Amino acid sequence: MAKLIWFCLKCILLCSTIEAVFEDQVGKFDWRQQYIGKVRFSHFDTHVQSSKKVLLATENNVFASINTRTGELFWRHVDMTGPEGNIDALLQHGQDAVLVVGDGRQLRSWDINIGGLNWEIVLDSGSFQSACLVGYQDTVKHVAVLKKTVISLHYLSNGHQKWIENLPESETVDFQAVYSGGNGEVYVLGVVPHSHIAIVAYSLDDGEIIKQISVEAPWLSNIQASCVVIGQGMLTCVDSAAVSLYTLDLHVQSQMTQIPLQSLGLEATPGFQPVLVSTQPNPARPPLSEFFLQLGPEHHLLLQLNSGQIVTLRDFKPVRNCFTTSVSCVIYFSLILQCFLYSVFQLYVQAFLKKDDSVGYRAMVQTEDHTLTFIQQPGRVMWTREEALSDVVTMEMVDLPLTGTQAELEGEFGKKADGLLSMLLKRLSSQLILLQAWIAHLWKLFYDARKPRSLVKNDVTIENLSRDEFNLQKMMVMVTASGKLFGIDSKTGTILWRHYLDNIPSNAAFKLMVQRTTAHFPHPPQCTLLIKDKDTGLATLHVFNPIFGKKSHVTPPALLQPMLQSLMLPIMDQEYAKVLLLVDDQYKVSAFPSTKNVLQQLQEMASSIFFYLVDSNQGKLSGYRLRTDLSTELIWEIVMPTEVQRIVSVKGKRPNEHVHSQGRVMGDRSVLYKYLNPNLLAVVTESTDLHPERSFIGILLIDGVTGRIIHEAVQRKTRGPVHVVHSENWVVYEYWSTKSRRNEFSVIELYEGMELYNSTVFSSLDRPHAPQVLQQSYIFPSSISTMEATLTEKGITSRHLLIGLPSGGILSLPKMFLDPRRPEIMSEQSREENLIPYAPELLIRSEWFINYNQTVSRVRGIYTAPSGLESTCLVVAYGLDIYQTRVYPSKQFDVLKDDYDYMLISSVLFALFFATMISKRLAEVKLLNRAWR
Amino acid sequence: MSRILKTSILKNPPEVLKLWFSLRCLPVPLSVNMARPLPFKIAVVSTVLFVVCTDFVFCNSGRRVGDVMDTEFSGFSVPLEHSFEVADVAKFRVRGALMLKAGREPSVSLTQSQLSEEDRAKLKEVAAVDGLYRIRVPRVFLQADRQTERQMEGYLTAFVRACAMVESHLSDVISLHIDVSGYVIGVSIVTLPGACRGTEVEDEVDLEVFNTTLSVMAPVNAPGPETALFVERMEQESEKKGKNPQEQKSFFAKYWYLILGGAIFLMVTNSAQPPAGGGREQS
C-alpha cells in the first residue's frame, strides 16, 4: 500500500500543476460568513458587569457566543446534525455553560470565555425531560438531570455523578420538571394526566427521598406547559378551561388552592391557552415572586405573589410606544412587539445598571424570518444577523446592470433602425453622453484627489452597482428555507437587499429561474421564484427584480392546479423575457408570460418541445410532447419496478454550459468524438434491498426526448447516498461500497467514435448508433457532502470538480484524474495524449483546498457561475456558512500577472526593433560594397 | 470453477431444480460428457445442459411433460403493438408477438406480419405530416415462475418519427431493456438510417415487410477500482528494480565518497580555525 501511495504521489507530482493562494491574497478574492441558525436557547453572560457576551444554542445544533456590541461571533461549536447533536437544554452559571445534548445522551460543560470544553460525560440512556442547576447556601455546585425514569445529580466542577436515583412509579407518572429552591432539596414534579400531580423531594446530599406527595389535579395534563414555581416554592398552574390559577406550596400543602382569574379582575382571550413565565435569577435562591401571565396573543400581565395573595402590578395591553421604562427589574417583554414588521418569535432581554445607577435594557429579538436583532433601550438597533442565510435552499448569480452610459450605448444597438439620418443622430447623441460622462469622471477624480484619502468612500451600495470590466462581480440571489430572499454582492458579501415572503408553507420546495438577464436594457432583469407546497403540489410564483429585490409589476398567473413540472424555454417574448412553461397535474400547459406573441411562437415550435416527468413513487419516467393547443401527449414511458429499486435523482445538463472541443485528439492524431447530447439525463436508482451483499445502485443514461436508454449500469454491493455531476460527455458519481467499506468515485464517458454521425447539428431523433461507453472507478479517501463542476464562459478551460467535504474543506479535483481513458500500462500513445497512468486511489492534496483554512461548515450545495474571463469561475459554497471565491482550473492563462514586467518587455521590443533597423542598414551597406567589388 | 457453480446454485434454488429436471429427461449424449475431468466438466455440462434442455423443451412444447419445466423453459409471448395516426391520438394495434425466453441470458424473438395496404398508405400519410410512429409492450417480469406474475400493469412505450420509419423502409432496431432482477423497464426503437431527408418512397413493396433487429439489453456491471492489477504491476516494477544492482545499494554505499569528502573538508576547516581563534585570544 505504501508503494501504491508513493507511486501515486510521484505521478501527481510529475503531471499536475501547483496552485495555491499566496498569503497576501487571503481574503482578496474570497469571503466567508458564518451563521448559527435559528436560536433555541439564549443566555446573557451577566456574571461580569462589563461582559459583552451572549450564549446561543440553536436548532442547527450549534452552540455559540456572540459579541453583543458588534454581533460578531466570539466562538462557535458545530455539533452533529440530526437528533444526536440536538441541544436539549442550556444552563449557565458563572464561567460555565452546561449543555444537555442528544436527548440526554451527553452532558457538557463549556468555558464561556474561550469556548473551551471543561468536561463531557456520557449519561445513561433514557429520554430527557428537564435539567436545572442546584444550589445550596448561596453556592451552586450541582446540576440535576431528569430523565423518564431516573434523576441524577452531577458536580458542576467535573461532571462526576453525585448520585442517581430511580423515580418511584415512573411507569404511571409522567415526570416532567425538576426544581430546586436552594434549600438542600430537589423537587421532581410529575403528572398523571387528568388525575393528579406527583411531587417527590430528594435530599441534595445523598439522594434519599425526603417526601413524596400526590395532589389531586384532574384538569392538568402537562406541567411544563402550564405550571411554574414562584416565590418560596409555590407551584402555580393555570387552567384555561376553568379560567383560574391554582397554587400549591410545595413544602406544606397537599391541596391546591383555586384562584379564579375573575377574582383578580382579569379575563382571558377565548381560545388562547394562557402562559405563565417566572424567573429564577440565582439557582441557589428561590425564584422571584413576580411573574408574568400571558392572557392573549398581545396581552401580558405582571403579577406578584404576596403572602398567598396575587396582586396585579402592571397590565401590558397592546402598546404603541416602545421602550417605556419599566417599574421592576424583572424581565419585561411584549412591548417591542409593535415595533417590528415581522412577528417576534423569541425575545431575550438583558437588564443592566447604567453609570447613573438607572436600569437600562438591551433586547435580542428573533423574528419570524430568523433575523436576530439587538436593540438598546432608546430603540437603537445595535446590529442584526441574518440567520436565515444558514439555510440557503437555492441560488442564482445575476450579472450586474451596466452603468448609465454603457446602457445608453447598448440601447442604441437594441433599438430598431429607423433610417440613416436618425441613426446618425442617435450615434452622435450617445457619443456626446459618453463624452459628458468622461468629463464628469475626470472632474470627480480631480475633486477626490484634493480630499484626504480616508474620506473617499468606496462602499458598495445599490445605487453605484455596476458591472466591472470582466464581469467578476455579480449579484447573488439567495433563497432561504424560511422564505426570505437576499441579494448579496458577490465581491464583498454585503447584503444589498432582503425581501421576506410571508405565508410560505413549512415544507415548500423552491425553484429560482432567471427569466430576463440584465442584457436587455431598458427592460429590467427579472427572476421568478416558484414556491411549491410539497404536500398539496399547489404552487405560487414570485416575480422580482434580482438587482433591487423589488417585486415586479408583472402579475404572475394564478396557479390553481397542483404543479408537476416547470421548464424554461429558450424562446423569448417581445420584451426579451424567456418563456416559462408550467405543467399542471391535468397535463395542461400554461405559459408565463402568455402574450399573443409567445403563444404564437409556442404553436410554431410545439412539435419540437419535449419534456419529461419523474414519479419516483411509482418509479415512472415519462416523456411528453407539446401540442399546438398547449395540451400534451405521452410519447414514451419507462417504468422501474418500485419493489426492486427507487429513483433517487435525475440530473440533466446545465443549459448555460458550453463545450468548446468536439472531441479529443488521440496519440495517433486521430480524433475521438465526444457524444454531446444536450438532452441526456443521468438517472440514479438505489436498491430497496439494503443487505450489503445484495444492495446496488443503478445508473441509467436516458435521452430525455426519445426516452431511449443509452446506457444502463449497476454498481453492485454499493449503496447511497449518491452524488452525481453530469456535464459535457461525462457523468461522475460517488457512492459507498459496502463490500470494501469505502467511498468510491466512478466516471462514465460517452464517445461517438472516430467519426461524427452528423457534425452540423445534434438531434435526439436522429442518432441511431449508441455511443461508446467508457467507465472507470477510483477509491476516494473521504466521504463527501456535495459535488459540482466548474463552469466557464466558453468551455475552453479544463474542468474541475468542486467537492464539499464533511470536514469543511472544498476540494478542487481536476477532472483529468477522473478519466476512464487513464491507461493501466503506459504506452507511447497515451503518453503523447498526456494521460495519467491509472492509480486506483485519488489522493486529496492540501493545495487543492480552495478555501485554505476557511472551513465551511456543513456544506449543502455549491453553485458555480462563469465570469467574463474564460479562465475564471465563480464559486459559492453554502451550508451553515457561506463562502465565495474564484477558481482558475487552468490557471489564469488570460490574465497578466500583477507583477508583470512591462518595462522589460517594452525595452526588449524597442531594442529588437532598433537592432533590426541597424542590422538592416549594415546589410545594405555590405551588399553595396560587394556589388562594387 | 466448481466452487463458483456451487455458490450460484445455492443462491438460486430454482436453478437446482432446472438442472435436476434436465438431467432426468436427458438423452444419451450427456453421459459422454460426464467422463471428462471434473472442473472443466461441470461448466461444459451446465452449458450443454442448457442448450440441450432448451432444444428439448422446444420440441416437446406440445407434450407438456411437467408444468414447472414448461414455464421454466418455454418462452412466453407478449404482444408488440404499434400506433400511427394522423390525428396523433394513440390507437395501438398488434404488430407482432414477442417471444421472450427467461433465464441467465434472456433472449427474444419476434414474429410479425406484413403491413396491409391500408396501413402502408396511412403510414405514408402520417409521415407526410411529421407524425409519430409509436410502439408499446406490456410490462413483463422475466424471472417470475408463474405466468400470472409475469405480466404487470402498464405499458412501456417508445416512438420514432413516422417519416424515419418510411424512409428506412421499415428497418428498425428495437431493444428491450431489463433491470438487474429481470423486469423489463424500457423499450427503445430507432431506425436505420435515422434521418428524415424527405426522400419519396415510391415503391410500395418497400413498406411491406419489417426488417427488425431485436435485442435484450441487460445492465452492465460497472467496474470497481482496479486495485489487484495495480498492486501486481507495482510489485513487478519493484522486482525489476531489485534486479538492478545500482538501485540495491544503500545510501552509504552510493554516496560514500561524497560523505568522506565532506568529512575531510569539515576536518580541515576545523583544524585550520582553532589556532587563529587561539591566537586572537592570547593577544
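Conventions and cut-offs
Residues numbered from 1 in each chain as written. Chains lettered and ligands numbered in written order. Predicted model: local features only at pLDDT ≥ 70, side-chain atom pairs only at ≥ 80, totals over all residues. Heavy atoms only, no water. Helix = DSSP H or I, 4+ residues; strand = E, 2+ residues; numbered from the N terminus. Buried < 20%, exposed > 50% of the residue type's maximum accessible area, 1.4 Å probe, protein only. Areas by Shrake-Rupley, 256 points an atom, 1.4 Å probe, with all protein chains shown as cover. 1 Å grid on protein atoms, 1.4 Å probe; cavity = no way out; pocket = protein on both sides within 12 Å on 5 of 7 lines; lining within 4 Å. Points joined across faces, edges and corners; volume = space filled by probe spheres on them. Nonpolar A, V, L, I, M, F, W, Y, C, P; charged D, E, K, R; others polar. Contact = heavy atoms within 4.5 Å. Buried area = accessible area lost by both parts, 1.4 Å probe. Salt bridge = Lys/Arg side-chain N within 4 Å of Asp/Glu carboxyl O. Polar contact = N/O pair within 3.5 Å; in protein donor to acceptor, adjacent residues only side chain to side chain. Pairing = 2+ DSSP bridges. Core = buried A, V, L, I, M, F, W, Y, C linked by side-chain atoms within 4.5 Å. pLDDT = per-residue confidence, 0-100. Patch = residues over 30% accessible without salt bridge, like charges linked within 9 Å, V, L, I, M, F, W, Y side chains within 5 Å. Lys, Arg positive; Asp, Glu negative; His and termini not counted. Charge placed at Lys NZ, Arg CZ, Asp CG, Glu CD. Axes fitted to C-alpha atoms, helices over the stretch in contact; angles between N-to-C directions. Disulfide = S-S within 2.5 Å.

### Considering the overall build of chain A
Okay, so step 1: A tally of regular secondary structure across chain A gives seven helices and 58 strands.
Okay, so step 2: Here chain A, with 933 residues, has 50% of them falling under the buried criterion.
Okay, so step 3: Total accessible area on chain A stands at roughly 44,500 Å², and carbon and sulfur atoms take up 54% of it.

### Focus: empty space enclosed by the protein
Okay, so step 1: Counting across every chain of the model gives seven cavities of 30 Å³ or more.
Okay, so step 2: Estimates place the volume of the largest cavity at around 160 Å³.
Okay, so step 3: Taken together, 19 residues make up the lining of the largest cavity; nearest its centre are A:Thr706, A:Ser764, A:Leu765, A:Asp766 and B:Val190.
Okay, so step 4: Counted by class, the lining of the largest cavity contains nine nonpolar, five polar and five charged residues.

### Regarding the interface of chain A and chain B
Okay, so step 1: At the junction of the two partners, chain A supplies 49 residues and chain B supplies 44 residues.
Okay, so step 2: When chain A packs against chain B, close to 3,900 Å² is buried across both sides, 59% of that on carbon and sulfur atoms.
Okay, so step 3: If you sort the residues of chain A by the area they bury against chain B, A:Val639, A:Glu712 and A:Glu824 come out on top, with a joint share of 15%.
Okay, so step 4: Viewed at the interface, chain B and chain A are joined by one salt bridge.
Okay, so step 5: A salt bridge links B:Arg134 to A:Glu633, with the shortest nitrogen-to-oxygen separation between them at 2.6 Å.
Okay, so step 6: The tally of links from chain A across to chain B stands at 15 residue pairs in polar contact (both at pLDDT 80 or more).
Okay, so step 7: Secondary structure elements with two or more residues in the side of chain A that touches chain B: α1 (2–15), β42 (632–639), β47 (696–703), β48 (709–716), β51 (742–753) and β52 (772–780) of chain A.
Okay, so step 8: Looking at the side of chain A that touches chain B residue by residue, the classes come out as 27 nonpolar, eight polar and 14 charged.
Okay, so step 9: As paired elements, β48(A) and strand β9 (residues 220–221) of chain B share two bridges and run parallel to each other. Within β9(B), the residue paired with A:Ala713 across the bridge is B:Val220.

### Remarks on the nonpolar core
Okay, so step 1: B:Leu98, B:Leu100, B:Leu123, B:Tyr133, B:Ile135, B:Leu176 and B:Val187 are the most contacted members of the largest nonpolar core, which totals 35 residues.
Okay, so step 2: Among residues more than four places away in sequence, those in contact with B:Leu123 are B:Phe84, B:Leu115, B:Tyr133, B:Ala162, B:Val166 and B:Leu170.

### Observations concerning the confidence of the model for chain B
Okay, so step 1: Across chain B, pLDDT averages 69, with 64% of residues at or above 70.
Okay, so step 2: Considering only residues more than four positions removed or in separate chains, one finds that residues 275–283 of chain B, a stretch of pLDDT under 50, has zero contacts.

### As for a nonpolar patch on the surface
Okay, so step 1: On the surface, B:Phe251, B:Phe252, B:Tyr255, B:Trp256, B:Tyr257, B:Leu258, B:Ile259, B:Leu260, B:Ile264 and B:Val268 cluster together into a nonpolar patch covering about 1,100 Å² of accessible area.
Okay, so step 2: Tracing the backbone shows B:Ile259 in helix α11 (residues 251–282).

### Details of a negative patch on the surface
Okay, so step 1: On the surface, a cluster of negative charge is made up of A:Glu23, A:Asp24, A:Asp898, A:Asp899 and A:Asp901.
Okay, so step 2: For A:Asp898, the location among the structural elements is in the loop between β58 (882–887) and α7 (902–932).

### Some details on the side chain of A:Arg767
Okay, so step 1: Residue placement: A:Arg767 occurs in the loop between β51 and β52.
Okay, so step 2: Each residue touching A:Arg767, except ones within four places of it in the same chain, is listed here: A:Arg708, A:Glu752, A:Tyr757, A:Asn758, A:Val761 and A:Phe762.

### Some points on the sheet that holds strand β31 (residues 474–480) of chain A
Residue and element names in this part refer to chain A.
Okay, so step 1: One open sheet accounts for four strands, arranged β30-β31-β32-β33; its pairing is antiparallel. Edge positions in the open sheet fall to β30 (392–399) and β33 (495–500), since each of these has one partner strand only. The average angle at which neighbouring strand axes cross in this sheet is 15 degrees, direction not considered.
Okay, so step 2: One ladder, built from five bridges, connects strand β32 (residues 484–489) with β33; its direction is antiparallel. The residue of β33 that forms the bridge with Phe486 is Arg498.

### Some thoughts on the state of the cysteines
Okay, so step 1: Applying the stated criterion to the full structure yields two disulfides over all chains.
Okay, so step 2: Disulfide pairing places A:Cys227 opposite A:Cys237 at an S-S distance of 2.0 Å. Taking the sign of the S-S torsion, about 110 degrees here, the bridge from A:Cys227 to A:Cys237 comes out right-handed. Of this pair, A:Cys227 sits in strand β18 (residues 227–230) while A:Cys237 sits in strand β19 (residues 234–239), and the two are ten residues apart along the sequence. Each member of the pair A:Cys227 and A:Cys237 is classed as buried.
Okay, so step 3: Covalently, B:Cys163 is tied to B:Cys196 through a disulfide, its sulfur atoms 2.0 Å apart. Because the torsion about its S-S bond is 90 degrees, the bridge between B:Cys163 and B:Cys196 counts as right-handed.

### Brief notes about the sheet that holds strand β20 (residues 244–249) of chain A
All names here are of chain A.
Okay, so step 1: Taken in spatial order, the four strands line up as β18-β19-β20-β21 in an open sheet, and their pairing is antiparallel. Each edge of the open sheet carries a strand with a single partner, namely β18 and β21 (257–260). Within the sheet, the average angular offset between the axes of one strand and its neighbour, ignoring direction, is 25 degrees.

### A few points about the pairing of strand β8 (residues 106–111) of chain A
Along any regular strand, the residues point their side chains to alternate faces of the sheet.
All names here are of chain A.
Okay, so step 1: Most of β8 is tucked away: six of the six residues are buried.
Okay, so step 2: With six bridges joining them, strand β7 (residues 96–101) and β8 adopt antiparallel strand pairing. Residue Leu99 lies in a different strand from β8, and its bridge partner there is Arg108.
Okay, so step 3: Hairpin remark: β7 followed by β8, antiparallel, with four residues in the connecting loop; positive phi at Gly102, about 70 degrees.
Okay, so step 4: Relative to strand β9 (residues 117–122), β8 runs antiparallel, the two sharing five bridges. By the bridge assignment, Leu107 is partnered in β9 with Ile121.
Okay, so step 5: Taking the residues that link successive antiparallel strands as the turn, the β8-β9 hairpin has five residues, and the phi of Gly115 there is positive, at about 75 degrees.

### Description of unusual backbone geometry
Residue and element names in this part refer to chain A.
Okay, so step 1: The amide bond that connects Phe592 to the next residue, Pro593, takes the cis arrangement and shows omega of -5 degrees.
Okay, so step 2: With respect to the helices and strands, the residue Pro593 is situated in the loop between β39 (589–592) and α5 (596–605).
Okay, so step 3: With a phi close to 65 degrees, Leu630 is a non-glycine residue in the positive phi region.
Okay, so step 4: Note on placement: Leu630 falls in the loop between β41 (620–626) and β42.
Okay, so step 5: In this structure, Tyr852 takes a positive phi of about 25 degrees despite not being glycine.
Okay, so step 6: One can find Tyr852 in the loop between α6 (828–832) and β56 (861–866).

### Examining the pattern of salt bridges
Residues and elements named next belong to chain A.
Okay, so step 1: Evaluation of the coordinates by the stated rule reveals 39 salt bridges over all chains.
Okay, so step 2: With its nearest N and O atoms 3.3 Å apart, the salt bridge here joins Lys674 to Glu728. Remark: Glu728 occurs in the loop between β49 (718–727) and β50 (730–737) and Lys674 occurs in strand β45 (residues 671–674); sequence separation between them is 54 residues.
Okay, so step 3: The residue Lys717 makes a salt bridge to Glu693 at a minimum N-O spacing of 3.6 Å.

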